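Take a look at the letters that make up each chain.
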Amino acid sequence: MDIVELTVTALAERVRGRQLSAVEVAQAYLARIAELEPTLHAFITVDAEGALAAARALDLRLARGEDVGPLAGVPIALKDIFVTQGLRTTCGSRILADWVPPYEGTPSARLRAAGAVVLGKANMDEFAMGSSNENSAFGVCRNPWDVDRVPGGSSGGSAAAVAGRLCLGALGTDTGGSIRQPAALCGVVGIKPTYGRVSRYGVIAFASSLDQVGPIARTTEDAAALLEVIAGHDPLDATSLPQPVGRYREACRRGVRGLRIGVPAEYFAAGLDPEIETAVRAAIDQLAAQGAEVVDISLPHTKYAIATYYLLCTAEASSNLARYDGVRFGLRAARPRDLRDLYSRTRHDGFGPEVRRRIILGTFALSAGYYDAYYAKGQRVRTLIRQDFSRAFERCDVIVVSTLPIMVFKLGERLDDSLQMYLADIYTISCNLAGLPGLSLPCGFSRQGLPIGLQVLGPPLGEEQVFAVAGSYEQAHDWHRRVPEVRR
Amino acid sequence: MKISPEQVQKVGELARLQLSVDETAALAEQLSRLVEHFEQLDELDTAAVEPTSHVLPLGCPERPDVTVASLARELVLSQAPLHEDGYFVVPKIID
């Protein structure tokens, strides 16, 4: 038995039944990390000592006959945006390079309470701003399928770690596609739940009206198992939804008979890579053959989504990032002349170029004289984009599209052109603007052997039907069983 | 709309973010391109459209007014770049 090839459920069952110890599991994964991390750089911090201590504690409790939870021994990577008590949390930024948080956030606390073992903190674009992981202050992460290519972003380290078998599951955050896009580019499963479904207490804020936490895993059922643990109301997050958590694992086996799948013309327009289009259309045909009804729909404001998203997310970021001022935690510029100089130089030294660009853009969009023309306009167009989805979901139960218009690109290829980089987010950002659940899963490989992602979108709190579609597609294929051969 | 280096400089001051001269010029160019793209929103008549600031139908949640433990002061101060006698230290504000 190869430990690193067990699914979440199979591994937890064996650990709970004491056929396999949590320490053996942690050691198997730490050995993978020792072998591949120098090439992939999927982590900012590996916590081998902490992981082994947690695993030993689980084994002791199991030996005493205690129930340690549904994720017993499951080794996890946390994007370095999740606040972990006593474990350095950088958010991919120099400004937090040495920050050791005094408290633990809710998503990671829930995973630990369910028996999961945290292996370390995954690499990411600084403050989750980026689509390639190239904006990390701690060095680029590489795609396990082709180490000359990006893993996607901003949760690039989380997706690369899952694909490369450096962990069994991971948590990411998704503000405009930051879970689904790297999941697609690394050939794994990632879901951004409905806005408010998972608590954001102890999750470093980027754009608060858009940010949401979700799992990345190798199969839809693994992702469902993790989501069942982290989802649900949290009194520490005022935006957390009170509705009961769905039965996501069971939904994966429910099938698609009678489900109506909406296919929006706007997501198959010019700019979509022909190889991706072929794979996505084949997936839709497959779902129809499994009993789903395919319905043509329209989301007419799709082309305005990029402009709307980048106006709103930069405005919110400029406000959220005001807290990094060199006073209470984090980096502080040396020998400040006065308080203003302390702020300005700390922030210049601490933030990388993309974060600086977004703070300037967002501050501009909110500034007197431009607020109505840019920020308020963006908020109104956001309403139109939401209305597109409300109308579409009167005619269908889920929407199936590609996760990205383009194939995974090479490191450095798109760095010089922010607009081109932003435009590639076209299929993922509307979901955040409307607050919907969206899942990406593998639906094939290009002729060059690069993974292609299929995206399933649902109405608010429609996670179960999203998992039903993803699970139904997945059981007819073996894309998720392919293991990347990492070439150093 | 074209954004000038002077405008970028001014916004940088508002954001308390020091920018070098080279960076200011480069940002003016990049931001002009982005803002030109954003202006495609002007094609849409939104006079009668309500803005969305939040997608949730949630109101402001309430909780019982009960005192709960907060983080230990030493633990919080341990992460401050400079502190003294239980306070954060900043440069002199008033002459």
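Residues numbered from 1 in each chain as written. Chains lettered and ligands numbered in written order. Predicted model: local features only at pLDDT ≥ 70, side-chain atom pairs only at ≥ 80, totals over all residues.

## Some details on the overall build of chain B
Along its length, chain B carries 3 helices and 2 strands. Along chain B, from the amino end to the carboxyl end, the secondary structure elements read α-α-α-β-β. Against the 2.2 N^0.38 benchmark of 12 Å for 95 residues, chain B shows a C-alpha radius of gyration of 23 Å, more extended than a compact globule. Here the C-alpha coordinates of chain B stretch approximately 55 × 45 × 25 Å along the principal axes. (Helix = DSSP H or I, 4+ residues; strand = E, 2+ residues; numbered from the N terminus. Rg over C-alpha atoms; globule rule 2.2 N^0.38 Å.)

## Things to note about helix α5 (residues 156-163) of chain A
Every α-helix winds through 3.6 residues per turn, so residues three or four apart in the chain are directed the same way. Residue and element names in this part refer to chain A. A large share of α5 lies buried, amounting to 8 of its 8 residues. Within the span of α5, buried status applies to Gly 156, Gly 157, Ser 158, Ala 159, Ala 160, Ala 161, Val 162 and Ala 163. Remark: Arg 165 follows α5 within two positions and exhibits a positive phi of approximately 60°. (Buried ≥ 20, exposed ≤ 12 C-beta atoms within 10 Å, placed from the backbone.)

## Brief notes about the confidence of the model for chain B
Scored by pLDDT, chain B comes out at a mean of 93, with 100% of its residues at no less than 70. Confidence estimates for the predicted assembly give a pTM of 0.97 and an ipTM of 0.96. (pLDDT = per-residue confidence, 0-100.)

## Some details on the interface of chain B and chain A
Facing the 41 residues of chain B at the interface are 54 residues of chain A. Within the residue set of the side of chain B that touches chain A, elements represented by two or more residues are α1 (5-14), α2 (21-38) and α3 (73-77) of chain B. Tallying contributions element by element places α2 of chain B first for the side of chain B that touches chain A, with 7 residues. Along the lines of polarity and charge, the residues of the side of chain B that touches chain A split into 27 nonpolar, 10 polar and 4 charged. (Contact = placed C-beta atoms within 7 Å. Nonpolar A, V, L, I, M, F, W, Y, C, P; charged D, E, K, R; others polar.)

## Re the packing of α1 of chain B against α2 of chain B
Residue and element names in this part refer to chain B. Between α1 and α2, the shortest axis-to-axis distance is 8 Å and the interhelical angle comes to 105°. Comparing their axes, α2 and α1 come out roughly perpendicular. Residues Pro 5, Val 8 and Gln 9 of α1 pack against Thr 24, Ala 25, Leu 27, Ala 28 and Leu 31 of α2. Of the residues in the contact of α1 with α2, the class split is 6 nonpolar, 2 polar and no charged. (Axes fitted to C-alpha atoms, helices over the stretch in contact; angles between N-to-C directions. Parallel < 35°, antiparallel > 145°, perpendicular 65-115°, else oblique.)

## Topic: the sheet that holds strand β2 (residues 75-79) of chain A
In any sheet, the strands associate via hydrogen bonds between backbone groups, in a parallel or an antiparallel arrangement. Residue and element names in this part refer to chain A. An order of β1-β3-β2-β4-β6-β5-β10-β11-β9-β7-β8 is seen for the 11 strands of this open sheet, with the pairing classed as mixed. Where the open sheet ends on each side, the last strands, each with one partner, are β1 (43-46) and β8 (293-297). Each strand of the sheet is rotated relative to its neighbour by a mean of 30°, with strand direction disregarded. Lying on the sheet, helix α7 (residues 220-230) is in contact with β4 (169-174), β5 (189-192), β6 (212-217) and β10 (438-445); it crosses β6 at an angle near 145°. Seen against the sheet, helix α16 (residues 463-475) touches β9 (398-402), β10 and β11 (451-457) and runs at an angle of roughly 10° to β10. (Pairing = 2+ DSSP bridges.)

## Points about the packing of helix α10 (residues 305-320) of chain A against helix α12 (residues 353-366) of chain A
Residues and elements named next belong to chain A. Where α10 contacts α12, the axes come no closer than 7 Å and their chain directions differ by 100°. Comparing the axis directions of α10 and α12 gives the class roughly perpendicular. Taken together, the residues of α12 that come into contact with α10 (itself represented by Leu 311, Thr 314, Ala 315, Ala 317 and Ser 318) are Arg 358, Ile 359, Leu 361, Gly 362, Thr 363, Ala 365 and Leu 366. Tallied by class, the residues present in the contact of α10 with α12 amount to 7 nonpolar, 4 polar and 1 charged.

## Some words on the nonpolar core
By size, the foremost hydrophobic cluster in this structure holds 173 residues, and its most contacted members are Ile 76, Ala 77, Val 117, Ala 161, Cys 167, Ile 360 and Val 469 of chain A. In terms of residue count, α10 of chain A provides more of this core than any other element does, 10 residues in total. (Core = buried A, V, L, I, M, F, W, Y, C linked by C-beta atoms within 7 Å.)

## Focus on unusual backbone geometry
Here Gly 153 of chain A and Ser 154 of chain A are connected by a cis peptide whose omega angle stands at 5°. Positive phi outside glycine occurs at His 41 of chain A, with the angle close to 50°. Among the residues examined, His 41 of chain A registers 21 C-beta atoms within 10 Å and is labelled buried. One non-glycine residue, Arg 16 of chain B, adopts positive backbone phi at about 50°. Position of Arg 16 of chain B relative to the elements: it lies in the loop between α1 and α2. With 21 C-beta atoms counted inside 10 Å, the residue Arg 16 of chain B sits in the buried group.

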